[in-house]
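One letter stands for each residue in the lines below.
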Amino acid sequence: MLTQATTRDAYQLLHRGILAFALAEQQGMWIDVDYCKKKVNHVARQIKQFESEFKGTNFYRHWKHTYGEKTNIMSDFQLSHVLYGVRKIKPVKLTARGRGATDHEALTALDIP
């Protein structure tokens with residue numbers, strides 16, 4: 001049987017949550033700074049490697065030809081334009097504004113790494 005929560009129940013839940021959060025904030029958290037720095041450097045190297053590989057593809061050359069010096073591989077708008085406007089690929093998913101989506105799910109469905 002379900003019971004309906006009261007305002008007092010909601011207040012108590014919120015109050016206990018705030019107290020728990022304050023305690024956690026006060027206690028702090030141990031972080032291995034050296035490990036974090038190593039991981040940040042490792043990920044930065046991986047990103048550079050992936051960018052280098054991407055810039056060697058025909059797709060990037062087409063993108064670069066379309067946008068020239070304004071090419072921005074971090075731009076979802078440019079990616080959407082190249083995929084759906086220039087290459088005329090039918091989008092499997094649309095954004096709230098009606099443009100072809102470029103999120104992980106949409107690109108995976110299009111078999112685009």
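Residues numbered from 1 in each chain as written. Predicted model: local features only at pLDDT ≥ 70, side-chain atom pairs only at ≥ 80, totals over all residues. Heavy atoms only, no water.

1. Some details on the packing of aromatic side chains
Inference 1: Under the criterion given, the structure shown has four aromatic pairs.
Inference 2: Ring centres of Phe-54 and Phe-59 lie 6.3 Å apart, and the angle between their planes is 50°; on these two criteria the pair is classed as tilted.
Inference 3: Phe-54 gets classed as partly exposed once you look at its relative accessible area, which sits at 24%.
Inference 4: Taken together, a centroid distance of 5.5 Å and an interplanar angle of 70° make the contact between Phe-54 and Tyr-60 edge-to-face.
Inference 5: A residue is classified by how much of its surface remains accessible, and Tyr-60, at 11% relative accessible area, is buried. (Phe/Tyr/Trp six-rings, centres within 6.5 Å; stacked < 30°, edge-to-face > 60°. Buried < 20%, exposed > 50% of the residue type's maximum accessible area, 1.4 Å probe, protein only.)

2. Re the pattern of salt bridges
Inference 1: In total, this model carries two salt bridges according to the counting rule given.
Inference 2: Overlapping salt bridges, with partners in common, bring together Lys-93, Asp-103 and Glu-105 in one network. (Salt bridge = Lys/Arg side-chain N within 4 Å of Asp/Glu carboxyl O.)

3. With respect to the nonpolar core
Inference 1: In this structure, Phe-59, Trp-63, Leu-79, Val-82, Leu-83, Tyr-84 and Leu-107 together form the largest nonpolar core, which totals seven residues.
Inference 2: When contributions to this core are tallied by element, the ones reaching two or more residues are helix H3 (58-67) and helix H4 (76-86).
Inference 3: If sequence neighbours within four positions are ignored, Phe-59 has contacts with Phe-54, Leu-79, Val-82, Leu-83 and Arg-87. (Core = buried A, V, L, I, M, F, W, Y, C linked by side-chain atoms within 4.5 Å. Helix = DSSP H or I, 4+ residues; strand = E, 2+ residues; numbered from the N terminus. Contact = heavy atoms within 4.5 Å.)

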